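# Structural description and commentary
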Amino acid sequence: MLYKTKGRNVFLGGEINGENVKEAMEEITALHKKSKDKWITLYLNSAGGLPMAGFAFYDYITTVLKPRLQIVLLGDASSIALIVFLSAEPKHRYMGKHSYAYLHNTSHVHSEKEEVQVKEAETDAKNLKRSNEWYKEIVLDRTGGKLTKKRLTSLMNNYKYLYPEEAIELGFAHKIL
């Protein structure tokens with residue numbers, strides 16, 4: 001869910017999905033167009049969501065719009081929400097002292113009643129593998145060389161919670177609020 005406030009603040013909470021990401025990108029774009037030299041603050045609290053929505057946000061912020069964006073993590077940035085968090089430049093990523101980031105391998109959930117054919121399962125597996133690789137590429141790039149691919153893979157395989165101190169040490173965040 002996206003909440004807008006007065007000023008140059010945007011709040012993004014709940015699931016990272018197409019609708020929330022679209023609204024966040026529209027709001028950030030509008031604020032950026034009003035004044036390209038002023039900072040925009042995105043407050044983030046999300047347990048994750050749809051990988052492609054998070055990748056879309058990341059690509060838009062880092063390669064298309066390139067606004068002066070700082071992101072404040074208050075609560076949770078799990079799974080693909082961590083990629084949203086990493087869309088801010090390293091010195092502009094902040095965490096509340098009671099926040100965490102959560103790393104794990106990408107997954108796909110089918111409903112109990114949904115029948116999955118072999119071909120569909122194979123396609124899902126291929127797409128999950130690709131999403132995982134994109135996720136790792138972004139994390140490795142945005143943490144400034146503080147992680148090796150082997151270490152990141154280990155953290156993801158072990159479902160790692162990163163609290164502020166460790167997030168700073170590993171290059172995910174810059175400062176604790």
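Our structure's up above, just so we're on the same page.
The model shown is predicted, which means the values in this text are computed figures rather than measured ones. (Residues numbered from 1 in each chain as written. Predicted model: local features only at pLDDT ≥ 70, side-chain atom pairs only at ≥ 80, totals over all residues. Heavy atoms only, no water.)

## Considerations on the overall build of the protein
Our working rule: What counts as a helix is a DSSP run of H or I of at least four residues, what counts as a strand is a run of E of at least two, and both are numbered from the N terminus. A radius of gyration in this sense is built from C-alpha atoms; the matching globule rule multiplies 2.2 Å by the number of residues raised to 0.38.
For the protein, the count of helices and strands is 6 helices and 8 strands. Traced from its N-terminal end to its C-terminal end, the protein shows the element sequence β-β-α-β-α-β-α-β-β-α-α-β-α-β. Radius of gyration (C-alpha) of the protein: 16 Å, near the 16 Å computed for a compact globule of 177 residues. Across its three principal axes, the protein shows a C-alpha extent of roughly 50 × 35 × 30 Å.

## A word on the packing of aromatic side chains
Filter applied, for reference: Two rings from Phe, Tyr or Trp (for Trp, the six-membered ring) form a pair when their centres sit within 6.5 Å of each other. Planes less than 30 degrees apart are called stacked, planes more than 60 degrees apart edge-to-face, and all others tilted. Only protein chains enter the accessibility calculation, which uses a 1.4 Å probe; a residue whose area is less than 20% of its type maximum is buried, one above 50% is exposed, and one in between is partly exposed.
All told, the structure shown has 6 aromatic pairs when counted by the stated rule. Between Phe11 and Tyr43 the ring centres are 4.7 Å apart and the planes differ by 15°, which places this aromatic pair in the stacked class. In this pair, Phe11 sits in strand β2 (residues 9-13) while Tyr43 sits in strand β3 (residues 40-46), placing the two residues 32 residues apart along the sequence. Accessibility expressed as a relative area gives 29% for Phe11, which makes it partly exposed.

## What to know about the nonpolar core
Formally: Each nonpolar core is a collection of buried residues, namely Ala, Val, Leu, Ile, Met, Phe, Trp, Tyr and Cys, held together in the definition by side-chain atoms within 4.5 Å. By the convention used here, residues are in contact when the closest approach between their heavy atoms is within 4.5 Å.
Counting residues in each nonpolar core, the largest one holds 44 residues, and the members touching the most others are Phe57, Ile83, Leu103, Tyr135 and Phe172. Once residues within four sequence positions are removed from consideration, Phe172 is found in contact with Leu82, Phe85, Leu86, Arg93, Leu103, Val139, Thr143, Leu147, Leu162 and Ala167.

## Some words on the side chain of Arg8
Just so we agree on the cut-off: The charged-residue count follows a simple rule in which Lys and Arg add positive charge and Asp and Glu add negative charge, with His and chain termini not counted at all. Think of a salt bridge as a Lys or Arg side-chain nitrogen and an Asp or Glu carboxyl oxygen that are within 4 Å of each other. Two N or O atoms form a polar contact when they lie within 3.5 Å of each other; inside protein one atom must be a possible hydrogen donor and the other a possible acceptor, and for residues adjacent in sequence the pair counts only when both atoms belong to side chains.
Mapped onto the elements, Arg8 comes out in the loop between β1 (2-4) and β2. Buried charged residue Arg8 carries no salt bridge. Nearest counter-charge: Asp37, at 6.7 Å. Within the local environment of Arg8, its side chain forms a polar contact with the backbone oxygen of Leu31, the two atoms lying 2.9 Å apart. Within polar-contact distance, the side chain of Arg8 engages the backbone oxygen of Trp39 at 3.0 Å. Those residues in contact with Arg8, other than ones at most four positions away along the chain, are Leu31, His32, Lys34, Ser35, Lys38, Trp39, Ile40 and Thr41.

## A few points about the environment of Ala77
With respect to the helices and strands, Ala77 occurs in strand β4 (residues 69-78). Along the chain, Ala77 and Ala101 lie 24 residues apart, while their C-alpha atoms are 4.7 Å from each other. Sequence-distant contacts of Ala77, that is, excluding residues within four places in its chain, are made with Leu44, Ser46, Leu82, Tyr100, Ala101 and Tyr102.

## Some remarks on helix α5 (residues 149-157)
The condition that has to hold: Our arc is simply the arc of the directions from the helix axis toward the C-beta atoms.
Leu152, Leu155 and Met156 are the residues of α5 that are buried. For α5, the arc enclosing every buried residue in end-on projection is 95°, short of the 170-degree limit, so these residues lie on one face. Lining the buried residues of α5 we find β6 (100-103), α4 (118-142) and β7 (160-162). Backbone geometry just after α5 places Tyr159 at a positive phi near 50°.

## A few points about the pairing of β2
Test applied: Note on pairing: DSSP must find at least two bridges between two strands before they are called paired.
Sheet analysis places β2 next to β3, joined by 5 bridges and oriented parallel. When the bridges of β3 are listed, Leu12 appears paired with Leu44.

## Regarding helix α1 (residues 18-34)
How we decide: To estimate how far a helix should reach, multiply one less than its number of residues by 1.5 Å.
If you check α1, its first and last C-alpha atoms are 24 Å apart, about what 17 residues at 1.5 Å a residue would give, namely 24 Å. At the N-terminal boundary of α1, the capping side chain belongs to Asn17, with an oxygen 3.1 Å from the backbone nitrogen of Glu19.

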